[in-house]
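# A closer look at the structure
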Amino acid sequence: MTDIETKAISLALYRHMCHNIVGSENYVKNLRLMNAVRDNLYSDTASTFITSGSFGEGLEMIGSDLDLMYVMKNIEVYEDIKAANNSNVEYVLMETDDVKPGFTQLLVQEQVYSQCQRCKEHNGKHYFSSALFKQWLMRDTDSTVIHGPCLSDKDGRYDNAICLHCRTWISQASHWITRSNNSWPSYNVKQSILKHGVLFVPIGVKGSPKEDIEWRISFSVGEKFLINTFTHTQLICYALLKILLKDVIATYTECEDLLCSYFLKTIMLWISEELPQSIWKPENLIHCLMRCLKRLIYSVDYSICLHYFIPENNLFENKIEGRARRILLDKLYNLHSYGWRCLLFSGQLSNFQVSMWMSPIEPHTLHTIDLAKTVNSKFLDVTYNLTNAFEQDTIVYQRGIHQIISCHQSAQKYLTTYYLSVLCGQYAQNVQLNSSRNSNKHQYKQYKSCLCTVLQNIYHDSVSGWLMLASFFYKVKQYNNALHIIAYSISKCTSEKVCRFMDMSGSHYRFSDLQLFQKTSIVQLWKMMLIDYLKFTRNSRLIPNELQMEVEHRVYRISSIVYAYFLKILCHYHLNNVRQCQDCLRTLQIIIDENYFIEYKKLFHYKSYKILGIALQIVGDSESSQQAFMQSAKIEPNQKYNTSVKRLTFMNSL
């Protein structure tokens, strides 16, 4: 294949990745800004929150989970305890004698008594135990699985790593400061990395006799700084390596657990240091990718993959060896023999056709694609699980207001407003509700406080915030007010709008391609075009009593249009408007049958039939209600998630 052909295919592949998988440079920039704003908003005096992993780096890959790091502020690590100067912080001392490079033991000082239950004694000294630390954390969270240094949630969507911090750069990584002899990374980036220091995550060297008291030194934040300096071609090359690993290499049974994405990141960082930035251009994508694949083959062949910051730590040591190494090497050589076509073994790239992507993508088209990708992001509505304590929520709210006032970047202001709006929707659901007609001053104050908070929940999309306000009025029995707001909400559910996890049609693309929207920030577009689902917190005080069963044990999400008509039926029922009740029931049935604004089908479709069943039961149509519940149970038979079976049992027992 000639150089001209290779460059043409590289450009086509680059455009395909921008359009279908990674998104544009602007999309990645927005994703990173979203993470930065959310992390800054939810960090507090106890811990710093950091979105890490692929999503933290600006990539949302198929099948990936969300990696979150919580950096504790009340404990700090130092190489020299003499540097400790804060009486409000407990200090532990690094001890690296007889420990593998990249790991350390944390020696607890005699005055640190509060940590003794998480310590183990070794040779007459007390060390902070990584194993006991994770067990202690398990008691105070909803996590059920220990996954390496992380705690995973029940559904396996989140990996939470609780970390300790050393503010200074450590001697094990001192050589990195002067090693690079080209322009990458720049002096300013290096200084930012050095200023941050390093983290420590609770996991030791596997098989080590002291594994329980060893901690791994983590450079996650430094690596995030470095990847944020990547050109878009570098980022796409990194994404392609991840796709090859997940979709192709890891599908071989013998190779399933040999490689991980961190090894690929390490290879990318080494090659980025070696090559000038000018090489990383769209027309060189295939050349750069094959160079990375060759380096991976070399690393496996010689069982050596040096840690980027601490080269004395061979990441392949005791991992890639023996028969497994030979099988993996054979598979990698086989993939390399196909050249760039090895990518076509991936289901994500199997439909890639060079001819389709020979022409450049128009900027306005990329803008629309970015909107579609963001709306379909499974991490769009991520908010950290804070305590429901009023003081904590108030602090976050005050911090958000301060950021909006003090920040000069409009994009950052809009994003902060978005997350504050979401936060207000959650916090309002924990306020005890009382009718405004009650004469008790405290109850009236609670009513006004909740109303004020709910009103601030209308800024993150075009409909769901208004419906939460309607739900508030329904709970305080102001049914006519609720009906007015529901009518307004339904009027905004027009064909050009988008909802979460939907496939955008040609009309959506034409509408969002209008020049008006091309100059509009992503958050402003959500406010105009997004119909988000309703999200009720566990034991929500804003959810109608008729749905209270749904929030006894978990967060409850429901399609906005379905909830709007359900709430409308409830209001008319309490107002004895029989005809309006029947009209709304018929409309609700049509909406569900036609999947009108009901995407993410399995999750919302079974809930929609259940909502219909509840509405029919309320108006006294038991037979139709049972049929709706049975249809719901047919779609989602798991009683853990679907209460339809439980509701049917109640009906049959009467």
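Remember, predicted model here, so these are calculated numbers, not experimental data. (Residues numbered from 1 in each chain as written. Predicted model: local features only at pLDDT ≥ 70, side-chain atom pairs only at ≥ 80, totals over all residues. Heavy atoms only, no water.)

For any two aromatic rings, the description comes down to two numbers: the centre-to-centre distance and the angle of the planes. Within this structure, the stated rule accounts for 26 aromatic pairs. An angle of 65° between the planes, with centres 5.9 Å apart, marks the rings of Trp169 and Phe309 as edge-to-face. Here Trp169 is found in the loop between strand S9 (158-166) and helix H5 (176-179), whereas its partner Phe309 is found in the loop between helix H10 (285-301) and helix H11 (322-337), with 140 residues between them in sequence. Per residue, the accessibility class of Trp169 equals that of Phe309, and both read buried. Here Trp176 and Phe309 contribute two aromatic rings whose centre-to-centre distance is 5.0 Å and whose plane-to-plane angle is 55°, an arrangement assigned as tilted. Of the two residues, Trp176 is situated in helix H5 and Phe309 in the loop between H10 and H11; the sequence distance between them amounts to 133 residues. Overall, Phe309 belongs to the buried group, its relative accessible area being 1%. (Phe/Tyr/Trp six-rings, centres within 6.5 Å; stacked < 30°, edge-to-face > 60°. Helix = DSSP H or I, 4+ residues; strand = E, 2+ residues; numbered from the N terminus. Buried < 20%, exposed > 50% of the residue type's maximum accessible area, 1.4 Å probe, protein only.)

Turning our attention to a nonpolar patch on the surface. A surface patch of nonpolar side chains, about 330 Å² in accessible area, is lined by Tyr298, Tyr302 and Ile304. Mapped onto the elements, Tyr302 comes out in the loop between H10 and H11. Relative accessible area serves as the criterion here: at 53%, Tyr302 is assigned to the exposed category. (Patch = residues over 30% accessible without salt bridge, like charges linked within 9 Å, V, L, I, M, F, W, Y side chains within 5 Å. Areas by Shrake-Rupley, 256 points an atom, 1.4 Å probe, with all protein chains shown as cover. Salt bridge = Lys/Arg side-chain N within 4 Å of Asp/Glu carboxyl O.)

Throughout the structure, instances matching the rule amount to 13 salt bridges. Taking the shortest distance from any N to any O, the salt bridge between Glu273 and Arg179 comes out at 3.1 Å. On the criterion of sequence distance, the pair formed by Glu273 in helix H9 (residues 261-274) and Arg179 in helix H5 is long-range, its members being 94 residues apart. Relative accessible area serves as the criterion here: at 8%, Glu273 is assigned to the buried category. Asp583 is the partner of Arg579 in a salt bridge, and the nearest nitrogen-oxygen pair spans 3.4 Å. Residue Arg579 and its partner Asp583 are both found in helix H22 (residues 578-593); the two are separated by four residues, about one turn of the helix. On the basis of relative accessible area, Asp583 is assigned to the partly exposed category, the value being 28%. Within the structure, one salt-bridge network assembled from shared partners comprises Glu57, Glu223 and Lys265.

Right, let's get into the nonpolar core. Counting residues in hydrophobic clusters, the biggest one holds 193 residues, and the most contacted among them are Met17, Phe309 and Phe472. In this structure, Met17 is in contact with Val22, Gly23, Ile236, Ala239, Leu240, Ile243 and Leu349, ignoring residues within four places of it in sequence. (Core = buried A, V, L, I, M, F, W, Y, C linked by side-chain atoms within 4.5 Å. Contact = heavy atoms within 4.5 Å.)

Okay, helix H17 (residues 479-491) next. End to end, H17 covers 18 Å across 13 residues, agreeing with the expected 18 Å (1.5 Å per residue, within 8%). Those residues of H17 that fall on the buried side of the exposure criterion are Tyr479, Ala482, Leu483, Ile485, Ile486, Ser489 and Ile490. For H17, the elements touching its buried residues are helix H16 (464-475) and helix H21 (560-574). (Expected span 1.5 Å × (residues − 1).)

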